[in-house]
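Understanding the architecture of this molecule
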Amino acid sequence: MPTQLKEKIKNKKAIVGIIGLGYTGLPLALTLADAGFLVYGIDIDQNRVDLLKKGKSYIDDVPDGNLRSLINKKQFMPAVNYDIFKNLDIVCICLPTPLDKHKQPDMSYIQAALDEIKKRLRRGQLIILESTTYPGTTEELFLPQLATSGLKVGQDFFLAFAPERIDPGNKQYSLRKTPQVVGGITKTCGQLTQLFYQQIIDQVILVSSPRVAEMTKLLENIFRVVNISLINELALLCGKMKIDIWEVIEAAKTKPYGFMPFYPGPGVGGHCIPVDPFYLSWRAKEYNFFTRFIDLAGEINELMPHYVITQIIWALNQQQKPIKNSKILVLGVAYKKDIGDTRESPALKIIEDLLKKKARISYHDPFVPVLEIANQKLKSIKLSLRTLKDADCLLILTDHSNYNYEDLARQSQLVVDTRNAVKNKNLKHVFCL
Ligand SMILES: NC(=O)c1ccc[n+]([C@@H]2O[C@H](COP(=O)([O-])OP(=O)(O)OC[C@H]3O[C@@H](n4cnc5c(N)ncnc54)[C@H](O)[C@@H]3O)[C@@H](O)[C@H]2O)c1
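Residues numbered from 1 in each chain as written. Predicted model: local features only at pLDDT ≥ 70, side-chain atom pairs only at ≥ 80, totals over all residues.

**Remarks on the overall build of the chain**
We count it as follows: Strands here are runs of E lasting at least two residues and helices are runs of H or I lasting at least four, both read from the DSSP assignment and numbered beginning at the N terminus. Comment: burial labels come from other C-beta atoms within 10 Å of the residue's own C-beta, placed from the backbone, where a count of 20 or more is buried, 12 or fewer is exposed, and between is partly exposed. We call two residues in contact whenever the C-beta atoms placed from their backbones are within 7 Å.
A tally of helices and strands in the chain yields 14 helices and 15 strands. Here the C-alpha coordinates of the chain stretch approximately 75 × 50 × 40 Å along the principal axes. Sorting the 433 residues of the chain into buried and exposed places 43% on the buried side. When contacts within the chain are restricted to residue pairs at least 6 apart in sequence, those whose partners lie at least 24 apart make up 67%.

This is the structure:
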């Protein structure tokens, strides 16, 4: 291993740059700064950088207090440009990897950063890609472009893939407690990357190549999407068979081995589960291979928002009400509980569809004060006895903690509950998925 960088990492003297200060990049930057590294952040969003400089966090899991103290101490310094790049010893890339409208990888964020990096790459730097992506990205997209600098990988500079595993809102598994997988282009690249993460994470697993690390991350997310779609499909069937899927899952969960519970819902959301698996199905086609499980899972999960709409129509129908002009109060618009992330949230699709059907929509979400949807700006309303009584239907899309759902249900005229939030099954005006 190159002694200089190795010693700098061990002594926390390596200067680290984090490109992309979002859900994954900001917590990583602060964990590194907390551990004693000098950390620079690079993000093209001026508004975000201005907030950070004032010690204001825009990520639910990142409290202002710690951020402010690291900013005041100049242990963490955010900027909108790459001016600092030459001074960095280690660079972690935490940029979005979305899909385009044809469900193909949109690598434009990564490429934009790569354009900046390749102009500035210098001897001795370690570059780590954290963004979820298709197997081959580090070797086939990054390596050739960085090699145009004339520097040799494994000798002059170092390159690795280390997938981010953050789970927003998860209080049990912090960054330190979540094992990190790393794969380097060369043995030295891998070892340096492993040593780096060992400074902040309890367990770091070195695999044989970036490809293996890239595929590992995808396997984790594909495992989730396939199992979620399986349980969604069974929920649809149980609905027809008049079997309570939630009770079935609770019972199956008592098996101490060989079963892991997944829960049905209004559809999948977030930047990972509805997106990442399609990076693999796209790549697989190059090998004349069709990833049927992934595509089928996508298809079933896409059905769920429509199923919820059908349930609302059915439930309103029981009360002789058409969907048109009915007042629907949506509870929770984030894609999962206790966070404010609405990216790919099924709530967006459901609300858009309800608006098209001329329902009158209001929503309440303590984590999402404003929601821009179908060229409208909706504001989260206060939950009160009056707003609940006034709504023709309370639609529970996200089961944020700290609500007494049974009380809310009792105060409502009609409830469609997509999360089994209302546990009391004797309430006849509650329709559960
Ligand atoms: N959010 C999650 O829960 C999660 C979990 C695991 C893995 N991931 C993966 O991590 C990666 C990043 O996701 P995220 O949720 O942190 O994204 P994010 O959208 O929250 O943050 C990305 C940040 O990058 C900035 N940015 C965009 N282009 C830039 C550029 N050219 N230079 C500098 N900054 C730029 C944006 O302004 C934004 O602040 C994705 O590949 C995602 O799949 C996300």
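**So, the UniProt feature "domain: UDP-glucose/GDP-mannose dehydrogenase C-terminal" (unreviewed entry) in the chain**
To keep it simple, the criterion reads: UniProt positions are given in the numbering used here, feature names are shortened, and annotations may be inferred rather than shown by experiment.
Residues annotated by UniProt as "domain: UDP-glucose/GDP-mannose dehydrogenase C-terminal" (unreviewed entry) correspond here to residues 329-424. As a span, residues 329-424 carries 24% helix and 24% strand, and end to end its C-alpha atoms are 20 Å apart.

**Considerations on the site of the ligand**
Heads up, the rule is: Put plainly, near means the residue's C-beta atom, positioned from the backbone, lies within 6 Å of the molecule or strand in question. Here the nonpolar group is Ala, Val, Leu, Ile, Met, Phe, Trp, Tyr, Cys and Pro; Asp, Glu, Lys and Arg are the charged ones; every other residue, Gly included, is treated as polar. The domain limits used here are those given by an automatic or database domain assignment.
Around the ligand sit 28 residues, and of these G20, G22, Y23, T24 and S131 come closest. Of the residues belonging to the shell around the ligand, the class tally is 14 nonpolar, 8 polar and 6 charged. Per-domain counts for the shell around the ligand show at least three residues from each of domain 1 (3-207) and domain 2 (255-432).

**Side note on the sheet that holds strand 13 (residues 393-396)**
Note the threshold: Pairing between two strands requires that DSSP report at least two bridges joining them. For helices, the fitted axis covers only the stretch in contact; all axes are lines through C-alpha atoms, and the angles between them, taken along N-to-C directions, range from 0 to 180 degrees.
Across the sheet, which stays open at both edges, the 5 strands sit in the order 10-9-13-14-15 with parallel pairing between neighbours. For this open sheet the edge positions go to strand 10 (360-364) and strand 15 (430-432), each flanked by a neighbour on one side alone. Taken pair by pair, the neighbouring strands of this sheet meet at an average axis angle of 20°, ignoring direction. Each of strand 9 (327-331), strand 13, strand 14 (415-417) and strand 15 is contacted by helix 11 (residues 292-318), which is oriented at about 155° to strand 13, the strand it contacts most.

**A word on unusual backbone geometry**
In this model, A374 sits at a positive phi of 45°, which is unusual for a non-glycine residue. A positive phi angle, near 55°, is found at N420, a position not held by glycine. Relative to the elements of secondary structure, N420 occurs in the loop between strand 14 and strand 15.

**Focus: the domain arrangement of the chain**
Taken as a whole, the chain is organised into domain 1 (3-207) and domain 2 (255-432). If you average the C-alpha positions of domain 1 and of domain 2, the two centres end up 34 Å apart.

**Some remarks on the sheet that holds strand 5 (residues 126-129)**
Taken together, the 8 strands give an open sheet; going across it, the order is 3-2-1-4-5-6-7-8, and neighbouring strands pair in mixed fashion. The outermost strands of the open sheet, each flanked by one partner alone, are strand 3 (76-79) and strand 8 (204-207). In this sheet, neighbouring strand axes are inclined to one another by 25° on average, regardless of whether the strands run parallel or antiparallel. In this sheet, strand 3 lies alongside strand 2 (residues 38-42) in parallel orientation, the contact comprising 4 bridges. In the sheet register, V39 faces strand 3, and the bridge partner there is F76.

**Overview of the environment of Y335**
With respect to the helices and strands, the residue Y335 is situated in the loop between strand 9 and helix 12 (346-356). Those residues within four positions of Y335 in sequence are excluded, and the remaining contacts are G269, G270, D341, T342, R343, E344 and S345.

**A short note on helix 4 (residues 64-72)**
Cut-off, in case you're wondering: The arc refers to the directions leading from the helix axis to the C-beta atoms.
All buried positions along helix 4 are accounted for by L67, L70 and I71. One side of helix 4 carries all its buried residues, which in axial view fall inside an arc of 100°. Every exposed residue of helix 4 that faces more than 90 degrees away from the buried side is listed here: G65 and N72. Where helix 4 is buried, its residues meet helix 2 (25-34), helix 3 (46-53) and strand 3. Looking one or two residues beyond helix 4, the residue adopting positive phi is K74, at roughly 60°.

**A word on the pairing of strand 4 (residues 90-93)**
In strand 4, alternate side chains face the same way, and those of I90 and C92 on one face and V91 and I93 on the other are all buried. Bridge count between strand 1 (residues 15-19) and strand 4: 4 bridges; the pairing is parallel. The residue bridging G17 from the neighbouring strand is V91, located in strand 4. As paired elements, strand 4 and strand 5 share 4 bridges and run parallel to each other. Its bridge partner lying in strand 5, V91 is registered against I127.

**Comments concerning the environment of P322**
Checked against the element boundaries, P322 lands in the loop between helix 11 and strand 9. A residue is classified by how many C-beta atoms lie within 10 Å of it, and P322, with 12 of them, is exposed. Considering only alpha carbons, one finds P322 and K357, 35 residues apart in sequence, at a separation of 9.9 Å.

**A look at the packing of helix 8 (residues 210-241) against helix 10 (residues 277-285)**
Rule in force here: Angle categories: roughly parallel below 35 degrees, roughly antiparallel above 145, roughly perpendicular from 65 to 115, and oblique for all the rest.
At a minimum axis distance of 8 Å, the contact between helix 8 and helix 10 shows a crossing angle of 110°. If you check the angle between helix 8 and helix 10, you find them roughly perpendicular. Touching L218, N221, I222 and V225 of helix 8 are P277, Y279 and L280, all from helix 10. Per-class residue counts for the contact of helix 8 with helix 10 are 6 nonpolar, 1 polar and no charged.

**What to know about the environment of I339**
Mapped onto the elements, I339 comes out in the loop between strand 9 and helix 12. It is 5.9 Å that separates the C-alpha atoms of I339 and G169, two residues lying 170 residues apart in sequence. In this structure, I339 is in contact with D60, P168, G169, A334 and F367, ignoring residues within four places of it in sequence.

**Digging into helix 12**
By the burial criterion, the buried members of helix 12 are P346, A347, L348, K349, I350, I351 and L354. Buried residues along helix 12 sit in contact with helix 11, strand 9, strand 10 and strand 11 (370-373). Of the residues flanking the end of helix 12, it is K358, one or two places downstream, whose phi is positive at about 70°.

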